[in-house]
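# Breakdown of the fold
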Amino acid sequence: MSTGYLWHEVFGWHDTGSGPLFPADPAIGIAPMPHLANSDTKRRMHELVAVSGLLDHLTRIEGRPATREELLRVHTPEHVDRIVAESASARGGDAGDGFSAFGRGAYEVAALGAGSAIAMTEAVVSGRVDDGYALVNPAGHHAVAGTGMGFCIFNNVAVAARHAQAELGVERVAIVDWDVHHGNGAQAIFAADPSVLTLSVHQANCFPPDSGHLHQRGEGAGHGYNLNVPLPPGCGDGAYGYLAETVLAPALAAFEPDLVIVASGFDAGAMDPLARQMVTSTGFAHLVDTVRDAAASSPQGRLVMVQEGGYSPLYVPFCGLATISALAGVHVLDDPVLPIVAAQGGADLLPHQREAVDAAAALVADLR
Ligand SMILES: Cc1nn(C)c(C)c1/N=N/c1ccc(/C=C/C(=O)NO)cc1
Ligand SMILES: [Zn+2]
């Protein structure tokens, strides 16, 4: 078993400006502070992968910038051109929603993120490695064809999926998004396409506003190939373990993908400031086990994981370490935060959580 790993130092240089979500504004009481989506959190995750020794068990994969043509398989020329133009200016710009600032050079960083998702997908599909984790920045899963949003500039996972279909002989791709925020990007990009199953597990109505509903199941020929699992706040390892067995595993078994791409966010974690779930490192590892087993049972199943959100500088590194450890089947370090978060409760599957998961599980039967 060999697991690929991709990180580039420039991902730690992505500039998201100042302000927790807003630029500093003394008039309304916002003092300068690093943006909650600042790049240090992902750099810390990489450093833990290296310092813990896990990196010695992984196969390093080189990233590369996505070409304009590769970006245009998913995004409009107008969006790409706007990012290029704003990225070239000294003051930088914004992904598209006014809350996703970026500094000069963001285009190069974001293109490297999308191209790195492609590079990891090529490494896995070619058999160079059995599976792999691309620790990229910025995230991508909120970006739609014509704009970025929610700290996302280009939809890294969608660009990789389209590349796999266009260049690597992959026909059926399953995108599994367990970032705590709705994977609206893939849902919109592949809405009418039955060759791509888009499955998002997220806290209901967290972000984007009014997005990720159970009834959003795809359009036209794509109807039935989009599956949303909106969850109430407060879900922990019990709820996520239940949805892994009752939604993720059966959906992937029914769809029989040639490639599974996980949009891997850690903001469902117990210490994340941008949502209200309570998943621990153990819960994330269990999710990985589920999708790895599901991919292995597909005739050509391969598994690629691409980094999305996650904003706790303390806990994201340990959730990320547990995730990559599970993928590689190598344990190097216990999570020192686990005893604290486990003692705070939230692990049990509660009736209202079971009901939310069962509502989504009922839709799996339509997959074929
Ligand atoms: C809407 C809105 N309105 N206002 C005033 C603000 C500041 C709004 N954005 N809030 C946000 C934006 C992005 C996220 C998380 C992204 C992520 O991690 N995705 O995976 C959460 C909340
Ligand atoms: Zn998120």
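First, a word on what this report is: a plain description of the structure on this page.

### Examining the overall build of the protein
- Counting its regular elements, the protein contains eleven helices and ten strands.
- Viewed in the frame of its principal axes, the protein has a C-alpha envelope of about 50 × 50 × 45 Å.
- Residues counted as buried form 58% of the 368 residues belonging to the protein.
- Here the protein has roughly 13,400 Å² of accessible surface; of this, 57% comes from carbon and sulfur atoms.

### Some thoughts on the site of ligand 1
- The local shell around ligand 1 holds 13 residues, among which His-141, His-142, Asp-179, His-181 and Tyr-311 are the closest.
- At a separation of 2.5 Å, an oxygen atom of ligand 1 approaches a polar side-chain atom of His-141.
- Tyr-311 places a polar side-chain atom, nitrogen or oxygen, 2.4 Å from an oxygen atom of ligand 1.
- A breakdown of the residues in the shell around ligand 1 according to their chemical character gives seven nonpolar, four polar and two charged.

### Details of a nonpolar patch on the surface
- On the surface, a nonpolar cluster with roughly 240 Å² of combined accessible area is contributed by Met-271, Leu-314 and Ile-340.
- One can find Met-271 in the loop between strand 9 (259-264) and helix 8 (281-297).

### Section: the sheet that holds strand 6 (residues 173-177)
- Strand order in the open sheet formed by eight strands is 2-1-5-10-9-6-7-8, with parallel pairing between adjacent strands. Each edge of the open sheet carries a strand with a single partner, namely strand 2 (59-60) and strand 8 (226-231).
- Running over the sheet, helix 8 touches strand 6, strand 9 and strand 10 (303-307) and is turned about 145° from strand 10.

### Concerning the coordination of the zinc ion (ligand 2)
- Protein coordination at the zinc ion (ligand 2): the donors are Asp-179 (OD), Asp-179 (OD), His-181 (ND1) and Asp-267 (OD), at 2.0 to 2.7 Å from the metal.
- Along the chain, the residues donating to the zinc ion (ligand 2) are arranged with the sequence spacing D-x1-H-x85-D. With His-181 in the loop between strand 6 and helix 6 (184-189) and Asp-267 in the loop between strand 9 and helix 8, this residue pair connects regions lying 86 residues apart in the sequence. The exposure classification of His-181 matches that of Asp-267, with both residues buried.

### Overview of the pattern of salt bridges
- In total, this model carries ten salt bridges according to the counting rule given.
- Of the charged contacts, one joins Glu-47 and Arg-43 as a salt bridge, the two residues approaching to 2.9 Å between their closest N and O atoms. Taken together, the residues span about one helical turn, with Glu-47 and Arg-43 both in helix 1 (residues 40-51) at a distance of four residues.
- One salt-bridge network, in which partners are shared between bridges, spans Asp-40, Arg-43 and Glu-47.

### Structural notes on the packing of helix 7 (residues 237-255) against helix 8
- Relative orientation of the contacting elements helix 7 and helix 8 amounts to 10°, with a least axis distance of 10 Å. If you check the angle between helix 7 and helix 8, you find them roughly parallel. In this structure, helix 7 contributes Asp-237, Tyr-240, Gly-241, Ala-244, Leu-248, Ala-249 and Leu-252 to the contact, and helix 8 contributes Thr-282, Gly-283, His-286, Leu-287, Thr-290, Val-291 and Ala-294.
- Among the residues making up the contact of helix 7 with helix 8, the classes are represented as eight nonpolar, five polar and one charged.

Criteria and thresholds
- Residues numbered from 1 in each chain as written.
- Chains lettered and ligands numbered in written order.
- Predicted model: local features only at pLDDT ≥ 70, side-chain atom pairs only at ≥ 80, totals over all residues.
- Heavy atoms only, no water.
- Helix = DSSP H or I, 4+ residues; strand = E, 2+ residues; numbered from the N terminus.
- Buried < 20%, exposed > 50% of the residue type's maximum accessible area, 1.4 Å probe, protein only.
- Areas by Shrake-Rupley, 256 points an atom, 1.4 Å probe, with all protein chains shown as cover.
- Near = heavy atom within 4 Å.
- Polar contact = N/O pair within 3.5 Å; in protein donor to acceptor, adjacent residues only side chain to side chain.
- Nonpolar A, V, L, I, M, F, W, Y, C, P; charged D, E, K, R; others polar.
- Patch = residues over 30% accessible without salt bridge, like charges linked within 9 Å, V, L, I, M, F, W, Y side chains within 5 Å.
- Salt bridge = Lys/Arg side-chain N within 4 Å of Asp/Glu carboxyl O.
- Pairing = 2+ DSSP bridges.
- Contact = heavy atoms within 4.5 Å.
- Axes fitted to C-alpha atoms, helices over the stretch in contact; angles between N-to-C directions.
- Donors = N, O, S within 2.8 Å, 3.2 Å for Na, K, Ca; no water.
- Parallel < 35°, antiparallel > 145°, perpendicular 65-115°, else oblique.

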